[in-house]
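Structure assessment
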Amino acid sequence: MTILVVGGTGRTGRRIVAELQRREMPVRVLVRDEALAHQVLPPGVAVQVADVTRPETLAPALAEGDRLVVATGANPAKDGLFGPLRIDFEGTRNLLAAAQTARIQHMVLVSSLCVSRLLHPLNLFGLVLYWKRRGERLLEASGIPYTIVRPGGLKEEGGGRPILQNADTLFEGSIPRTLVARLCVDAILEPRAHNRILEAIADPNLPDDLPFAELLP
Ligand SMILES: NC(=O)c1ccc[n+]([C@@H]2O[C@H](COP(=O)([O-])OP(=O)(O)OC[C@H]3O[C@@H](n4cnc5c(N)ncnc54)[C@H](OP(=O)(O)O)[C@@H]3O)[C@@H](O)[C@H]2O)c1
């Protein structure tokens, strides 16, 4: 098993890479900016240039692994108002087209709580939730086994017990990025998490003492 991480230079993506390394699972990181990758990723991690908006970069990159974790996200400053359309929707479409011809056996997509709510303030940024949901739907229809992880507000620090629920159940809450990273890796390994949408927040007042299988709704 080799896990390809797209968006691995991101704040959640680099924690996914760290979690895979902690579990000694082979990982390759697909990055759009190689110089940034060398700054933020641990030395020695395999890096390949791939941009989800440039389909020609994806086929060779996706041929190098068999599991895919997607933690990309549009940045208002870097990507502008069309960022969500180009990255969350078209980027997912491009990844799926490449994954169909590669040997990708499972894909984890980091999405967001509230993607089914059009009238949500986050949609003021380029309809970001709308385009994320459109991307999710492409994945659901793709035939590629998947887990969609929809986290609440992402926190840099903290702990607690992850709370997992089915689609369109949770509408508020937050979760540390380290816990999201762990859930993404657990989702690859646990067949009961496949072909599901999992909404994820954390309760900081509860101990982080349950195995993933017991967290599943
Ligand atoms: N912030 C929140 O509270 C929150 C809540 C729920 C869900 N989410 C979602 O969770 C996901 C992860 O969030 P985050 O805060 O960890 O993201 P982040 O730090 O902004 O990282 C985004 C990653 O996506 C990469 N990326 C962007 N465009 C790309 C492209 N065209 N090709 C390849 N890679 C590209 C970035 O690369 P560069 O490093 O080169 O820019 C970066 O590695 C996002 O989808 C976000 O919308 C966020």
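Read on for a plain summary of the structure. Only a predicted model underlies this, so the values are computations on that prediction, with no experimental measurement involved.

**A look at the overall build of the protein**
- Looking only at helices and strands, one finds 8 helices and 10 strands in the protein.
- The C-alpha radius of gyration of the protein comes to 16 Å, within 12% of the 17 Å expected for a compact globule of 217 residues.
- In terms of overall dimensions, the protein has a C-alpha envelope of 45 × 40 × 35 Å along the principal axes.
- Going through the 217 residues of the protein one by one, you find that 46% of them count as buried.
- A fraction of 69% describes how many contacts in the protein between residues 6 or more apart in sequence connect residues 24 or more apart.

**Remarks on the packing of helix α5 (residues 83-101) against helix α6 (residues 128-141)**
- Their axes nearest at 8 Å, the elements α5 and α6 cross at an angle of 10 degrees. When the axes of α5 and α6 are compared, the pair comes out roughly parallel. Residue-level contacts link Pro-84, Leu-85, Asp-88, Phe-89, Thr-92, Arg-93 and Leu-96 of α5 to Val-128, Trp-131, Lys-132, Arg-134, Gly-135, Leu-138 and Leu-139 of α6.
- Looking at the contact of α5 with α6 residue by residue, the classes come out as 8 nonpolar, 2 polar and 4 charged.

**A few points about the nonpolar core**
- Core analysis: the largest hydrophobic core is formed by 63 residues, its most contacted members being Val-5, Val-6, Val-70, Val-149 and Cys-184.
- The leading source of residues in this core is helix α7 (residues 177-189), at 8 residues.
- If near-sequence neighbours (up to four positions away) are discounted, Cys-184 is found in contact with Ile-16, Val-69, Val-108, Val-110 and Val-149.

**A few points about α5**
- Taking 1.5 Å per residue as the helical rise, α5 with its 19 residues ought to reach 27 Å, and the 26 Å between its terminal C-alpha atoms agrees with that figure.
- Of all bends in α5, the biggest is about 35 degrees, found at Glu-90.
- Buried residues belonging to α5 abut β1 (3-6), α3 (58-62), β4 (67-70), α4 (76-79), β5 (106-110) and α6.

**Thoughts on the sheet that holds strand β8 (residues 161-165)**
- Pairing is mixed in the open sheet, where 8 strands are placed in the order β3-β2-β1-β4-β5-β6-β10-β8. Because the sheet does not close on itself, it has two edges, and the strands there are β3 (46-49) and β8. The average angle at which neighbouring strand axes cross in this sheet is 25 degrees, direction not considered.
- Note: strand β6 (residues 146-151) against strand β10 (residues 196-203), 5 bridges, orientation parallel. Bridging across to β10, Val-149 finds its partner in Leu-198.

**Side note on the pairing of β4**
- Neither face of β4 is open: one carries Arg-67 and Val-69, the other Leu-68 and Val-70, and all of them are buried.
- Two elements, β1 and β4, share 4 bridges in a ladder whose sense is parallel. In the strand pairing of β4, Ile-3 is matched with Arg-67.
- Sheet topology places β4 next to β5; 4 bridges connect them, and they run parallel. Across the sheet, residue Val-69 finds its bridge partner in β5, namely Val-108.

**Points about the site of the ligand**
- Close to the ligand lie 25 residues, the nearest being Gly-7, Gly-10, Thr-12, Gly-73 and Ser-112.
- Residue composition of the shell around the ligand, grouped by class: 8 nonpolar, 12 polar and 5 charged.

**Looking at unusual backbone geometry**
- In this structure, Glu-24 takes a positive phi of about 55 degrees despite not being glycine.
- Residue Glu-24 is classed as exposed on the basis of its C-beta count, with 7 C-beta atoms lying within 10 Å.
- Its identity is not glycine, yet Cys-114 carries a phi of approximately 70 degrees, on the positive side.
- Considering the arrangement of structural elements, one finds Cys-114 in the loop between β5 and α6.
- A tally of 21 C-beta atoms within 10 Å means that Cys-114 is categorised as buried.

Rules of the game
Residues numbered from 1 in each chain as written. Predicted model: local features only at pLDDT ≥ 70, side-chain atom pairs only at ≥ 80, totals over all residues. Helix = DSSP H or I, 4+ residues; strand = E, 2+ residues; numbered from the N terminus. Rg over C-alpha atoms; globule rule 2.2 N^0.38 Å. Buried ≥ 20, exposed ≤ 12 C-beta atoms within 10 Å, placed from the backbone. Contact = placed C-beta atoms within 7 Å. Axes fitted to C-alpha atoms, helices over the stretch in contact; angles between N-to-C directions. Parallel < 35°, antiparallel > 145°, perpendicular 65-115°, else oblique. Nonpolar A, V, L, I, M, F, W, Y, C, P; charged D, E, K, R; others polar. Core = buried A, V, L, I, M, F, W, Y, C linked by C-beta atoms within 7 Å. Expected span 1.5 Å × (residues − 1). Bend = angle between axes of the 7 residues up to and from the residue. Pairing = 2+ DSSP bridges. Near = placed C-beta within 6 Å.

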